[in-house]
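Residues per chain, in single letters:
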Amino acid sequence: MRLSAMGDVAMTVPVLRAFVKQYPTVKLTVISRPFFKPFFDGIPNLDFFAFDEKERHKGFFGLLRLFKDVKNLKIDAFADLHNVLRSKVVSLLFALSGKKRAVVDKGREGKKELTRAENKIFKQLPSMFERHAKVFEELGFPLDLSNPLFPEKAKLSTEILEIIGNENSKLIGIAPFAQYNSKVYPLDLMKDVIAKLAENPSNKILLFGGGKKEIEILDSISEPYENVINMAGKIKFQQELQLISNLDVMLSMDSGNAHIAAMFGVKVVTLWGATHPYAGFLPFNQSLENALTSDRNQYPKLPTSVYGNKIVEGYADAMRTISPEKIVNSIQSQL
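Residues numbered from 1 in each chain as written. Predicted model: local features only at pLDDT ≥ 70, side-chain atom pairs only at ≥ 80, totals over all residues. Heavy atoms only, no water.

**Regarding the overall build of the chain**
And step 1. Check the secondary structure of the chain and you find 11 helices and 10 strands.
And step 2. Taking 335 residues into account, the globule formula puts the C-alpha radius of gyration at 20 Å, and the chain, at 21 Å, falls close to it.
And step 3. Considering only C-alpha atoms, the chain reaches an extent of 60 × 55 × 40 Å along its principal axes.
And step 4. A separation of at least 24 residues holds for 62% of the contacts in the chain among residues at least 6 apart in sequence.
And step 5. Summed over all atoms, the accessible surface of the chain reaches about 16200 Å², with 50% contributed by carbon and sulfur.
And step 6. Counting 44 positive and 37 negative side-chain charges, the chain places the centres of these two groups 8 Å from one another. (Helix = DSSP H or I, 4+ residues; strand = E, 2+ residues; numbered from the N terminus. Rg over C-alpha atoms; globule rule 2.2 N^0.38 Å. Contact = heavy atoms within 4.5 Å. Areas by Shrake-Rupley, 256 points an atom, 1.4 Å probe, with all protein chains shown as cover. Lys, Arg positive; Asp, Glu negative; His and termini not counted. Charge placed at Lys NZ, Arg CZ, Asp CG, Glu CD.)

As structure tokens, then:
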């Protein structure tokens, strides 16, 4: 399996956990970038194979090397959970060598119907988790995702505890950014949400992000408050995962952070602008009630995009229809 963005990788984790629980004698090997290895730590019967996109596995001949490297692991079947050019090439090579393979159906047609401006078909599409499970079913391993298994909360290092304190607070994570602006809740309204949550001294609000600009913004947001802490740039990625596993609730855009929290069984409140949970990206095991969407009466073309990368004129303020009060109430109902 070769996966791309952080959310894509995180979404495979609950499915793989279900697999190893239901088929304890079958060994899995996950192929992904080395950065994502911590996602799979502690999953029994699962090995991680690091995909070296810069050198050994770069380009077409690199993919041939990848196929040989993985074939040496005595693979019986290949599950392509990504369905992009690279993974297609490798899965085809496995098929040609006589191995079973199955490729995820991303449901592109249904997503087009959901996001087009005219003759929109507004209905719930299968989730990515259902689509991933179908891949394994095609290989002869039907999966039941209804009783999910989550890891225990990680033990927090002294380094993390020094930053967040050791007292018994409710830990609320907030990840206010996303890859595309059409998925980002307006900053002035997000400041209102944080101010309201910070009024309760038993809440501890932890802000997540990355990159110089985001860190500066989060520093300025957290500065006025005792109980709001910017975690961005302060801890390593693996420690960030440990901290997220300890949250009581995560507030996130339609972004990777939502899927990371959900893979740990953390309750997630998500905010949706140009995109919509009906496209199949509602975080794992979360209710639609906690997916707060922009008002389709005011903005009838929503959702305008599957991933948030399309800009539609006049829709820049769609997320302003989600009130800070509604978000705060949703978070408080999870605590």
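**A few points about the side chain of Gln286**
And step 1. Note that Gln286 resides in the loop between strand S9 (267-272) and strand S10 (291-293).
And step 2. Classification of Gln286 as buried rests on a relative accessible area of 16%.
And step 3. Among the polar contacts made by the side chain of Gln286, one reaches the main-chain amide nitrogen of Val268 at a distance of 2.9 Å. (Buried < 20%, exposed > 50% of the residue type's maximum accessible area, 1.4 Å probe, protein only. Polar contact = N/O pair within 3.5 Å; in protein donor to acceptor, adjacent residues only side chain to side chain.)

**Looking at the packing of helix H1 (residues 6-22) against helix H5 (residues 128-138)**
And step 1. Direction vectors running N to C along H1 and H5 enclose 45°, while the axes themselves pass 9 Å from each other. Accordingly, the angle class assigned to the pair H1 and H5 is oblique. Along this stretch, H1 crosses H5, giving a crossing that reads as right-handed. Where H1 approaches H5, its residues Met11, Thr12, Pro14, Val15, Leu16 and Phe19 are matched on the opposing element by Met128, Phe129, His132, Ala133 and Phe136. (Axes fitted to C-alpha atoms, helices over the stretch in contact; angles between N-to-C directions. Parallel < 35°, antiparallel > 145°, perpendicular 65-115°, else oblique. Left-handed = near helix turned anticlockwise from the far one by under 90°.)

**Thoughts on the pairing of strand S3 (residues 77-80)**
And step 1. Relative to strand S4 (residues 100-103), S3 runs parallel, the two sharing 4 bridges. Bridge pairing in S4 places Asp80 opposite Val103.
And step 2. Read from S3 through helix H3 (residues 85-96) to S4, the crossover connection turns out right-handed. (Pairing = 2+ DSSP bridges. Right-handed = clockwise from strand over helix to strand, strands pointing away.)

**Some words on helix H8 (residues 212-222)**
And step 1. If you check which residues of H8 are buried, you get Leu218, Ile221 and Ser222. Along the axis of H8, the buried positions cluster into a sector of 90°, meaning they face one direction only. Exposed residues pointing more than 90 degrees away from the buried face of H8 are listed as Lys212 and Lys213. (Arc of directions from axis to C-beta.)

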